[in-house]
Amino acid sequence: METDEILFAERTFDRRQLFGRDAPLEVEVGSGKARFLVAAARANPAHDFLGLERALSYYRICRERVARSGLANARVLRADGRLFLESLSPGSVRAFHVYFSDPWPKKKQQKRRFLDAVALDLLASRLEPAGTLRIATDHAGYGRSIRSSLESVEALERLDWEALLPPPPTNYEVKYAAEGRPIWRFLLRRK
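Residues numbered from 1 in each chain as written. Predicted model: local features only at pLDDT ≥ 70, side-chain atom pairs only at ≥ 80, totals over all residues. Heavy atoms only, no water.

Another aspect to go through is the environment of E157. Mapped onto the elements, E157 comes out in strand 6 (residues 156-159). Residues E157 and A40, 117 residues apart in the sequence, show an inter-C-alpha distance of 23 Å. Ignoring sequence-local partners within four residues, the contact set of E157 consists of L187, L188, R189 and K191. (Helix = DSSP H or I, 4+ residues; strand = E, 2+ residues; numbered from the N terminus. Contact = heavy atoms within 4.5 Å.)

Here we come to the pairing of strand 4 (residues 93-99). Among the seven residues that make up strand 4, six are buried, leaving the element largely enclosed by the rest of the structure. Of the strand pairs in this sheet, strand 4 and strand 5 (residues 127-137) are connected by six bridges, and their pairing is parallel. Within strand 5, the position partnered with V98 by the bridge is I135. (Buried < 20%, exposed > 50% of the residue type's maximum accessible area, 1.4 Å probe, protein only. Pairing = 2+ DSSP bridges.)

Okay, the packing of aromatic side chains next. Applying the stated criterion across every chain yields a total of six aromatic pairs. Through a chain of ring-to-ring contacts, the aromatic side chains of F8, F13 and F84 assemble into a single cluster. One Lys or Arg, R134, reaches over the ring of W161 and ends 4.5 Å from the middle of that ring. (Phe/Tyr/Trp six-rings, centres within 6.5 Å; stacked < 30°, edge-to-face > 60°. Lys NZ or Arg CZ within 6 Å of the ring centre and 35° of its normal.)

Despite not being glycine, F100 shows a phi value in the positive range, around 55 degrees. Position of F100 among the secondary structure elements: in the loop between strand 4 and helix 5 (117-126). Judged by relative accessible area, F100 falls into the buried class, the value being 8%. For A130, which is not glycine, the phi dihedral falls at a positive 70 degrees. Topologically, A130 is positioned in strand 5.

All right, on to the nonpolar core then. Core analysis: the biggest nonpolar cluster contains 32 residues, and L50, F84, F96, L115, L133 and I135 have the highest contact counts within it. Elements with a minimum of two residues in this core: strand 1 (25-29), strand 2 (48-53), helix 4 (81-87), strand 4, helix 5, strand 5, helix 6 (140-150) and strand 7 (184-190). Broken down by element, the residue count for this core peaks at four residues, all from helix 5. Setting aside residues up to four positions removed in sequence, I135 forms contacts with V98, Y99, L115, L120, I146, W161, W184, R185, F186 and L188. Grouped together as the second largest cluster of nonpolar side chains are 22 residues, A41, C62, A74 and L159 included. (Core = buried A, V, L, I, M, F, W, Y, C linked by side-chain atoms within 4.5 Å.)

Here it is as structure tokens:
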């Protein structure tokens, strides 16, 4: 196992050290195969894009694709999303992207879901004022759960998905759209 493959366990995240500059930071929690991460970084060089991936096999794919892209504003860390959020300073992130995270569909597994009221509150606290959070899932039960949890997060206001330019698609989004699956989308802004 290479050094960068060890799960991120720092108490504080130093974005200047990772990117070598101060720029608006966007974080994708669960980068999968890095399709969104690379496309978003390429489309917006004034922002820094950080992908988080816990699964080692997907982390390795992400790392390779980000390296091949040659983009100075894209990085990937092997990290647990919830623990990583705690390492961020309040109000330090311009945008979070959480696309097609594992829905843990079985009732006994649902406690493992990333997006619950606690995580949504933590995400909101790490956003800059007017910062955004985008969420997408193809799992209706998870979508309903997210919608319900959002009602208790007073720091976030819901916007229409089309209120801002849509993000580049992820691998799952392309796949699920081709299959005709309905997709639950949430665009939120910190008040």
